[in-house]
Amino acid sequence: MVKVALTIEGDAAEVIAAIRKLAVGDSATVTPAAEDAVDVSGETNGEVTANSDTNTSPPVQEGRWTIDHVRTFWRYLAPNAQQVYHQVAHSQGYVMSRQSLLDTMGLTERQLSGQMSSVGHSVRRIRNVHNISLPHPMSFDQSSDDYKMLPDVADAIVRLNLTPTTSDS
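As the structure is a computational prediction, the values presented were derived from the model and not from experiment.

Criteria and thresholds
- Residues numbered from 1 in each chain as written.
- Predicted model: local features only at pLDDT ≥ 70, side-chain atom pairs only at ≥ 80, totals over all residues.
- Heavy atoms only, no water.
- Pairing = 2+ DSSP bridges.
- Helix = DSSP H or I, 4+ residues; strand = E, 2+ residues; numbered from the N terminus.
- Axes fitted to C-alpha atoms, helices over the stretch in contact; angles between N-to-C directions.
- Contact = heavy atoms within 4.5 Å.
- Buried < 20%, exposed > 50% of the residue type's maximum accessible area, 1.4 Å probe, protein only.
- Salt bridge = Lys/Arg side-chain N within 4 Å of Asp/Glu carboxyl O.

Draft legend 1. Structural view of the sheet that holds strand β2 (residues 95-97). Taken in spatial order, the 3 strands line up as β2-β5-β4 in an open sheet, and their pairing is antiparallel. For this open sheet the edge positions go to β2 and β4 (138-141), each flanked by a neighbour on one side alone. Neighbour-to-neighbour, the strand axes of the sheet open up by a mean angle of 20°, direction not taken into account. Relative to strand β5 (residues 146-149), β4 runs antiparallel, the two being bridged by 4 bridges. Paired with S139 across the two strands is K148, which belongs to β5. On top of the sheet, helix α4 (residues 79-89) reaches β2, β4 and β5; it is set at about 85° to β5, its chief contact.

Structural data, given as structure tokens:
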């Protein structure tokens, strides 16, 4: 698995130009089709993603999280990530400070990052299974040092009484 963390700062036009350049390569010229294929999203958690594979797959509609989406997402999550999501979903306002989460779970920041590694895969699998593009279920706000879960996702986790699976299951 390849994981790349990237921060691009500047005005919107510069950021989009930099992402397009990365998506199509340094020596390639940006064609109108390539420009249309770049999807910039993720302002809530500071991440910017580029998706240039629209030529090979049918268009996927944007959507909102439903109970069925959360149920499927939960099945795809690793037990460690389920523990994190369970904690934040049961916190007041679906917001939990990083330090509180670390203390509650007895983890270091690095261990917490490792536990969250299955989340991106799960979101992509939801896209493939349900043919829908959903916003990331939880984000990290660097300015407040908080994890914030979407209310639809947190409500579904609580209503479905989802609990982390054990490694014995």
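Draft legend 2. Region of interest: unusual backbone geometry. Unlike most non-glycine residues, Y94 shows phi in positive territory, near 60°. Within the secondary structure layout, Y94 lies in the loop between α4 and β2. Its identity as a non-glycine residue notwithstanding, N131 has a phi of 50°, on the positive side. In this structure N131 comes out as partly exposed when scored by relative accessible area, which is 44%.

Draft legend 3. Region of the structure containing the pairing of β4. Side chains M138 and F140 project from β4 onto one buried face, and the interleaved S139 and D141 project onto a second face that is buried too. Once β4 ends, the chain turns through 4 residues before running back antiparallel as β5, passing D145 with a positive phi of about 60°.

Draft legend 4. Broad picture of the pattern of salt bridges. Within the structure shown, the criterion is met by 5 salt bridges. One salt bridge in this structure joins D152 and R64, with 2.6 Å as the shortest N-O distance. A residue pair is termed long-range when its members are at least 10 positions apart, and D152 in helix α8 (residues 151-159) and R64 in the loop between β1 (61-62) and α3 (67-76) qualify at 88 residues. Here R64 falls in the exposed class, since its relative accessible area comes to 59%. Here D68 and R71 are joined by a salt bridge, their closest N and O atoms 3.0 Å apart. With a gap of 3 residues between them, D68 and R71 both fall in helix α3, about one helical turn apart. A relative accessible area of 35% means that R71 is categorised as partly exposed. In the salt-bridge network here, residues are joined through shared partners; they are R98, E109 and D145.

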